[in-house]
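Here's the letter readout for the chains.
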Amino acid sequence: MRKLKLIGIGAGNPDYITIQAINALREVDVVFVTDKGEDTADLLRARKEVCERYMQAKPYRIIEIQDPRRDRNSAAYRSAVTAWHERRAALYEQVIREQLSDDECGAFLVWGDPSLYDSTLRIIDQVAARGTVNFQCEIIPGITSIQALAARHKISLNQIGEAVHITTGRRLIEDQYTGDANIVVLLDGECSFKTIANDNVDIYWGAYLGTPDEILLSGKLNELSEQIQQLRAQARKQKGWIMDTYLLRKRGTSSC
Ligand SMILES: C[S@@+](CC[C@H](N)C(=O)[O-])C[C@H]1O[C@@H](n2cnc3c(N)ncnc32)[C@H](O)[C@@H]1O
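Residues numbered from 1 in each chain as written. Predicted model: local features only at pLDDT ≥ 70, side-chain atom pairs only at ≥ 80, totals over all residues. Heavy atoms only, no water.

## A closer look at the confidence of the model for the protein
- Of the residues in the protein, 95% have a pLDDT of 70 or more, and the chain-wide mean is 91.
- Mean pLDDT across the elements of the protein bottoms out in helix α2 (residues 41–54) (85) and peaks in helix α5 (residues 145–153) (98). (pLDDT = per-residue confidence, 0-100. Helix = DSSP H or I, 4+ residues; strand = E, 2+ residues; numbered from the N terminus.)

So, in structure tokens, the structure goes:
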């Protein structure tokens, strides 16, 4: 039966890759990489570099999948994402069936870890549910942008005995965060932190974590808010894309 591995490659630094991931890569015959357009060309290149670095033991093929465009203008967020996932599932099914033979091992290299705001696992589940192509699936965990953020700021995510909440920029606004919890925010193209009025909140912000372009800023949110927005806009303009993550928490001591 075909084998399929979803390999977390870490979120930025090529050294974030685990020994388990390296060993898994050595078994792979076909690497499926998704191309989401020009702004993510750097991420595509990073995945190819991982292959070049760790897959020298035997020949392998790279198959690029041109990701279908997502309707980002639709007001119905969930149904737009569901429709997009269905189109991707059809495409993934096709490439697995056509490009991977029965006795081969294929891999999707997932940025960070497959369990965190990444749809590859969900789409592969959808492909399996269609029942038109059989494969065994294995997940190899990777270092997430959240772990990279905490390590680079030398902080723990929670204060003693407290909970940590992980969310998106969109939900940060919808859920009306008041500033009394440890909240990690990903996928925030709108700098949603600027809507928080509470002046007793710290932010630990990181962009391009683990890469040579990494930017880190931390301190009182209402003193840094403008600066982060400006830096973010500048960096995005210069590179053409940005990935940033941040932790918000009630002001207080926090060190490693
Ligand atoms: C689609 S999610 C993927 C998350 C990924 N699976 C992980 O484990 O970190 C993309 C978001 O992750 C965060 N992210 C990923 N890599 C990052 C990096 N190197 N620096 C800062 N944020 C990053 C950003 O919030 C970005 O918008």
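## A look at the packing of helix α3 (residues 77–99) against helix α4 (residues 120–130)
- It is the contact of α3 with α4, at a shortest axis distance of 9 Å, that shows an interaxial angle of 65°. Considered as vectors, α3 and α4 are oriented roughly perpendicular to each other. In the packing of α3 onto α4, the handedness of the crossing is right-handed. Contacts between α3 and α4 involve His85, Glu86, Arg88, Ala89, Ala90, Tyr92, Glu93 and Ile96 from the former and Arg122, Ile123, Ile124, Gln126, Val127 and Arg130 from the latter.
- When grouped by side-chain class, the residues that make up the contact of α3 with α4 number seven nonpolar, two polar and five charged. (Axes fitted to C-alpha atoms, helices over the stretch in contact; angles between N-to-C directions. Parallel < 35°, antiparallel > 145°, perpendicular 65-115°, else oblique. Left-handed = near helix turned anticlockwise from the far one by under 90°. Contact = heavy atoms within 4.5 Å. Nonpolar A, V, L, I, M, F, W, Y, C, P; charged D, E, K, R; others polar.)

## Quick notes on α4
- Of the positions making up α4, those classed as buried are Thr120, Ile123, Ile124 and Val127. All buried residues of α4 lie within an arc of 100° about the axis, which places them on one face of the element. Opposite the buried face of α4, at more than 90 degrees from it, the exposed residues are Arg122 and Ala129.
- Here the buried face of α4 lies against β1 (2–8), α3, β4 (105–110) and β5 (135–140).
- Trailing α4 by a residue or two, Gly131 shows a phi angle of about 70°, which is positive. (Buried < 20%, exposed > 50% of the residue type's maximum accessible area, 1.4 Å probe, protein only. Arc of directions from axis to C-beta.)

## Section: unusual backbone geometry
- Phi angles above zero are rare outside glycine, and Leu187 is one such case at about 50°.
- Turning to its location among the elements, Leu187 is positioned in the loop between β7 (182–186) and β8 (201–207).
- The phi dihedral of Tyr208 is positive, around 50°, even though this residue is not glycine.

## A few points about a nonpolar patch on the surface
- The grouping of Tyr117, Val164, Ile166 and Leu187 at the surface amounts to a nonpolar patch, some 360 Å² of accessible area in total.
- Judged by its relative accessible area of 59%, Leu187 falls in the exposed class. (Patch = residues over 30% accessible without salt bridge, like charges linked within 9 Å, V, L, I, M, F, W, Y side chains within 5 Å. Areas by Shrake-Rupley, 256 points an atom, 1.4 Å probe, with all protein chains shown as cover. Salt bridge = Lys/Arg side-chain N within 4 Å of Asp/Glu carboxyl O.)

## Focus on the sheet that holds β4
- Ordered in space as β3-β2-β4-β1-β5, the five strands form an open sheet in which the pairing is parallel. Each edge of the sheet is formed by a strand with only one pairing partner; in this case those strands are β3 (61–66) and β5. Across the sheet, the axes of successive neighbouring strands diverge by a mean angle of 25°, strand direction being ignored.
- Bridge count between β1 and β4: six bridges; the pairing is parallel. For Lys5, the partnering residue across the bridge sits in β4 and is Ala107.
- Of the strands in this sheet, β2 (30–35), β3 and β4 touch α2, which is tilted by about 170° from β2.
- Sheet strands in contact with α4 are β1, β4 and β5, and its direction is about 165° off that of β5. (Pairing = 2+ DSSP bridges.)

## Looking at the packing of aromatic side chains
- Within this structure, the stated rule accounts for four aromatic pairs.
- Summarising the aromatic geometry, the rings of Tyr208 and Trp241 are spaced 5.3 Å apart at their centres and angled 85° between planes, so their arrangement reads as edge-to-face. In this pair, Tyr208 is assigned in the loop between β8 and β9 (215–220) and Trp241 in the loop between α7 (221–239) and β10 (244–250), connecting sequence segments 33 residues apart.
- Residue classification places Trp241 among the buried residues on the basis of a relative accessible area of 11%.
- Members of the aromatic cluster, each reached through a chain of ring pairs, are Phe32, Tyr92 and Phe108.
- Across from the ring centre of Trp84, 4.3 Å away, lies the NZ or CZ of Arg88, which sits over that ring. (Phe/Tyr/Trp six-rings, centres within 6.5 Å; stacked < 30°, edge-to-face > 60°. Lys NZ or Arg CZ within 6 Å of the ring centre and 35° of its normal.)

## Things to note about the pairing of β2
- With respect to burial, β2 is a largely interior element, six of its six residues being buried.
- Covered by surrounding structure in β2 are Val30, Phe32 and Thr34 together with Val31, Val33 and Asp35, the residues of both alternating faces.
- As paired elements, β2 and β3 share six bridges and run parallel to each other. Each residue of the ladder has a partner; that of Val33, found in β3, is Glu64.

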